[in-house]
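# Fold and contact review
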Amino acid sequence: MNREQAQKKIEKLKNLLNQYSYEYYVLDQPTIPDSEYDQLYRELEQLEEQYPEFIADDSPTQRVGDKPLDFFQKVEHKVPMLSLSNAFNEQELKDFHRRVTQGLNEEVSYVCELKIDGLAVSLTYENGKFVRGATRGDGNVGEDITMNLRTIRSIPLTIKDKETLEVRGEAFMPHSSFLKLNEERVKNGEEPFANPRNAAAGSLRQLDPKIAAERHLDIFLYAVGEWENSQLTSHSARLEKLKELGFKTNPEWRKCSTIEEVIDFVEYWSKERPNLPYEIDGIVIKVDDLRQQEKLGFTAKSPRWAIAYKFPAEEAMTVLKDIELSV
Ligand SMILES: CC(C)(C)c1nc(N2CCN(c3ncccn3)CC2)c2cc(C(N)=O)c(N)nc2n1
């Protein structure tokens, strides 16, 4: 094979492997066996070794950097990553709904999303390429953890259009990875992580990306900071567009046109929660129409158009149970 053919073959293998990786990690619907993926991956590695000048930065071989950082750069969020106010019972959800409808004086519909219990992160794409990832930090300034986020296979290194946008989501550790990691740590005489959120945060705070890569983190995207030339007018349309672009969005979100439907959704998931393969600590309810979000605006630290319904903390329940049993 001559140089020209090698370049084409490298490009073809890269696109093929990225498509297979998207099917496996984002859609959870692999179309080839792992053995075939591994064989194609080895073929790409060998060709890239022979022709390093053709290695693309969105090649699957470039996901895990080989040199640890000495420290994390600070990153300022151009659009602040706000907090969420909380509701702890049905009445407080109704109060939220009353404030929203009084503030708008018109019909409103909501989007309800599972509240993933992980670490909020921001992903910036320029002309369709993943260029920077950062922690939420204090909402205004976070840490540049691009090289750790590149190791999360469900984060696309390039998206389907040459869009320039900044998206937000929750990086998390699925239960299966959490249990395996803690088994490993106990076996090595290390302290196990108390919960998947701490494990995810600890993994993304590693200066060595090879360690982050071993933690098998995942992500669901749920918001947009900036989106150049976007004409979309609702949050639900944005979630659908993010999915089309190749981002992983949580499949359980629902549009609710009454507060009763919101309450049904909350009740359903407060029972269904133990059957999820990841931790959630509540439900996030958002006004769907972006113009209405604009109109409602923000308090000093959180939007008036969204609220987090928090489930009672599980740990507290188990501790209570233990005490009851012991008396
Ligand atoms: C865009 C808004 C502000 C409405 C928003 N903010 C969120 N959060 C804010 C507070 N965050 C936070 N984190 C640490 C300390 C204080 N606040 C962490 C995320 C959301 C978190 C989730 C989730 N976890 O699944 C979600 N589906 N939607 C969100 N939507």
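Report follows, based on the coordinates. (Residues numbered from 1 in each chain as written. Predicted model: local features only at pLDDT ≥ 70, side-chain atom pairs only at ≥ 80, totals over all residues. Heavy atoms only, no water.)

Right, let's talk about the overall build of the protein for a bit. A count of helical and extended segments in the protein gives 11 helices and 11 strands. The C-alpha atoms of the protein give 22 Å as radius of gyration, which agrees with the globular expectation for 327 residues (20 Å, within 12%). The principal-axis extent of the C-alpha atoms belonging to the protein is close to 70 × 60 × 40 Å. Within the protein, the proportion of its 327 residues that are buried is 48%. Considering only intrachain contacts with a sequence separation of at least 6, the fraction spanning at least 24 residues in the protein is 75%. Put simply, the protein shows about 17600 Å² of open surface, and 50% of that area lies on carbon and sulfur atoms. Charge-centre separation for the protein: the mean point of 44 positive side chains lies 2 Å from the mean point of 58 negative side chains. (Helix = DSSP H or I, 4+ residues; strand = E, 2+ residues; numbered from the N terminus. Rg over C-alpha atoms; globule rule 2.2 N^0.38 Å. Buried < 20%, exposed > 50% of the residue type's maximum accessible area, 1.4 Å probe, protein only. Contact = heavy atoms within 4.5 Å. Areas by Shrake-Rupley, 256 points an atom, 1.4 Å probe, with all protein chains shown as cover. Lys, Arg positive; Asp, Glu negative; His and termini not counted. Charge placed at Lys NZ, Arg CZ, Asp CG, Glu CD.)

Our focus in this paragraph is the sheet that holds strand 11 (residues 306-310). Across the sheet, which stays open at both edges, the five strands sit in the order 2-11-10-3-9 with mixed pairing between neighbours. This sheet does not close on itself; its edge strands, each paired only once, are strand 2 (86-87) and strand 9 (254-256). Both strand 3 (residues 110-116) and strand 10 (residues 280-287) contribute to a ladder of seven bridges, which runs antiparallel. Residue pairing in the sheet places Ile-116 in a bridge with Ile-280 of strand 10. Against the sheet, helix 3 (residues 90-104) makes contact with strand 2, strand 3, strand 10 and strand 11, and its axis sits at roughly 175° relative to strand 11, the strand it touches most. (Pairing = 2+ DSSP bridges. Axes fitted to C-alpha atoms, helices over the stretch in contact; angles between N-to-C directions.)

So, on to the packing of aromatic side chains. Scanning the model with the defined rule gives 13 aromatic pairs in all. Ring geometry for Tyr-125 against Phe-247: centres 5.1 Å apart, planes inclined by 85°, an arrangement best described as edge-to-face. With Tyr-125 in strand 4 (residues 119-126) and Phe-247 in the loop between helix 8 (235-245) and strand 9, this residue pair connects regions lying 122 residues apart in the sequence. Accessibility assignment for this pair places Tyr-125 and Phe-247 in one class, buried. Ring plane angle 90° and centroid distance 5.1 Å describe the contact between Tyr-268 and Trp-269, whose orientation is recorded as edge-to-face. Site record: aromatic cluster; members linked through ring pairs are Tyr-125, Phe-130 and Phe-247. Between Lys-160 and the ring centre of Tyr-22, over which it is positioned, the NZ or CZ distance is 3.8 Å. (Phe/Tyr/Trp six-rings, centres within 6.5 Å; stacked < 30°, edge-to-face > 60°. Lys NZ or Arg CZ within 6 Å of the ring centre and 35° of its normal.)

The periodicity of an α-helix, 3.6 residues per turn, causes residues three or four positions apart to be oriented the same way. Here helix 3 is 15 residues long and its end C-alpha atoms lie 21 Å apart, about the 21 Å a rise of 1.5 Å per residue gives. Every buried residue of helix 3 is listed here: Leu-93, Phe-96, His-97, Val-100 and Leu-104. Across the axial projection of helix 3, the buried residues extend over an arc of 95°, all falling on one side. Next to the buried residues of helix 3 lie strand 2, strand 3, helix 9 (259-272), strand 10, helix 10 (290-296) and strand 11. Sitting at the amino-terminal end of helix 3 is Asn-89, which places a side-chain oxygen 3.0 Å from the backbone nitrogen of Gln-91. Following helix 3 by one or two positions, Asn-105 has its phi on the positive side, about 60°. (Expected span 1.5 Å × (residues − 1). Arc of directions from axis to C-beta. Polar contact = N/O pair within 3.5 Å; in protein donor to acceptor, adjacent residues only side chain to side chain.)

Examined against the element boundaries, Thr-124 turns out to sit in strand 4. The class for Thr-124 is buried, based on a relative accessible area of 13%. In this structure Thr-124 touches Lys-129, Phe-130, Val-131, Arg-132, Leu-165 and Glu-166, once residues within four positions along its chain are discounted.

Attention shifts here to the site of the ligand. As a matter of local geometry, the ligand sits amid 16 residues, with Leu-82, Glu-113, Ile-116, Tyr-222 and Lys-286 nearest to it. Taking Leu-114, its main chain carries an N or O atom lying 3.3 Å from an oxygen atom of the ligand. Considering the ligand on its own, with 610 Å² of exposed area, one finds that the protein chains cover 77% of that surface. Where the shell around the ligand is concerned, the elements lending two or more residues are strand 3, strand 8 (218-227) and strand 10. Broken down by element, the residue count for the shell around the ligand peaks at four residues, all from strand 3. (Near = heavy atom within 4 Å.)

On to the pattern of salt bridges, then. Two side chains that carry opposite charge are able to pair once their charged atoms sit near each other. Inspection of the entire model under this criterion finds 22 salt bridges. For Arg-168, the salt bridge identified is with Glu-166, shortest N-O distance 2.7 Å. Each of Glu-106, Arg-291 and Lys-295 takes part in a single network of salt bridges with overlapping partners. (Salt bridge = Lys/Arg side-chain N within 4 Å of Asp/Glu carboxyl O.)

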